[in-house]
Amino acid sequence: MPSKPLANYLKSLRRRAGLSQKELAFLIDSKGRDAVSKHERGKTTPPLEVLICYQLLYGTPINKLFAGRFNDLESLFRERVNGLLYTLEQKPDTPIGRLKMGTLKRFLGEEPIN
């Protein structure tokens, strides 16, 4: 049975890069290492600018850096997509409704991408 991915891989990547939390804080333009520690422990979610810095530094896409969190959010998002799709299917057929449903079905892999 495959193990569940960690919430994030920031600490292991930072250590593999030989960087201290203080050095990383400097690179991501943070005031101190406390923010880095909170990101590594999953206590806070980094802002978009910091996420991009992590991706640039480690050469790893954000969805891989935060694999566990990504999987959790993807599952929740799929539930929401299915709920909205169900709601739209109950409404009268319109061009905008078909557009919306096509977008949602493509996300779910139920409709080919043009």
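Everything numeric here is computed off the predicted structure, so don't read it as measured data. Residue numbers run consecutively from 1 along every chain, following the written order of its sequence. Reporting of local features is limited, given that this is a predicted model, to residues whose pLDDT is at least 70; pairs of side-chain atoms are given and counted only at 80 or more, and all residues count toward the totals for whole chains, interfaces and linings. Values reported for side chains reflect all heavy atoms of the structure, with hydrogen atoms and water molecules removed beforehand.

Asks: What should I look at first to understand the side chain of Glu40 in this one?
Replies: Each helix is a run of DSSP H or I of at least 4 residues and each strand a run of E of at least 2, with the numbering of both proceeding from the N terminus. Mapped onto the elements, Glu40 comes out in helix 3 (residues 33–40). Should any heavy atoms of two residues lie within 4.5 Å, those residues are counted as being in contact. Not counting residues up to four positions away in its chain, the partners in contact with Glu40 are Asn8, Leu10, Lys11, Arg14 and Gln21.

Asks: Before we go on, may I ask you to explain a positive patch on the surface in this structure?
Replies: Grouping into patches uses exposed residues only, defined as over 30% relative accessible area, and leaves out salt-bridged ones; the cut-off is 9 Å for like charges and 5 Å for nonpolar side chains (Val, Leu, Ile, Met, Phe, Trp, Tyr). Here the Shrake-Rupley method, with its probe set to 1.4 Å, supplies the accessible areas, and only the displayed protein chains count as covering residues. Any carboxyl oxygen of Asp or Glu within 4 Å of a side-chain nitrogen of Lys or Arg constitutes a salt bridge here. In this tally Asp and Glu are treated as negative and Lys and Arg as positive; neither His nor the chain ends contributes. In plain terms, the charge of a residue is placed at NZ if it is Lys, CZ if Arg, CG if Asp and CD if Glu. On the surface, a cluster of positive charge is contributed by Lys11, Arg15, Arg41 and Lys43. Mapped onto the secondary structure, Lys43 falls in the loop between helix 3 and helix 4 (48–58). Among the residues examined, Lys43 registers a relative accessible area of 58% and is labelled exposed. Exposure is judged per residue with a 1.4 Å probe applied to protein chains only, and the accessible area is read against the type maximum: over 50% gives exposed, under 20% gives buried, and values in between give partly exposed.

Asks: What is the right way to read the packing of aromatic side chains from this model?
Replies: Any pair of aromatic rings gets described here by the distance separating the centres and the angle formed by the planes. Working definition: a ring pair exists when centres of Phe, Tyr or Trp rings (six-membered ring for Trp) sit within 6.5 Å. Plane angles under 30 degrees give stacked, over 60 give edge-to-face, the rest tilted. Scanning all chains against the criterion turns up two aromatic pairs. Ring plane angle 15° and centroid distance 6.3 Å describe the contact between Tyr54 and Tyr58, whose orientation is recorded as stacked. You can see Tyr54 and its partner Tyr58 sitting in helix 4, four residues apart, about one turn around the helix. On the basis of relative accessible area, Tyr54 is assigned to the buried category, the value being 1%.

Asks: Any chance you could explain the layout of surface pockets here in plain terms?
Replies: Empty space within the largest pocket amounts to approximately 260 Å³. Contributing elements (two or more residues each) for the lining of the largest pocket: helix 5 (62–65) and helix 6 (67–89). Here the lining of the largest pocket gets three residues from one element, more than from any other, and that element is helix 6. Residue polarity is assigned by list, with Asp, Glu, Lys and Arg as charged and Ala, Val, Leu, Ile, Met, Phe, Trp, Tyr, Cys and Pro as nonpolar; anything else, Gly included, falls into the polar class. Here the lining of the largest pocket is composed, by residue class, of seven nonpolar, six polar and one charged. In this analysis, the protein atoms alone were mapped onto a 1 Å grid. Cavities are point sets where a 1.4 Å probe fits without being able to get out; pockets are open sets with protein on both sides within 12 Å along at least five of seven lines; lining residues have an atom within 4 Å of a point. Grid points are joined across faces, edges and corners, and a volume is the space filled by probe spheres set on the points.

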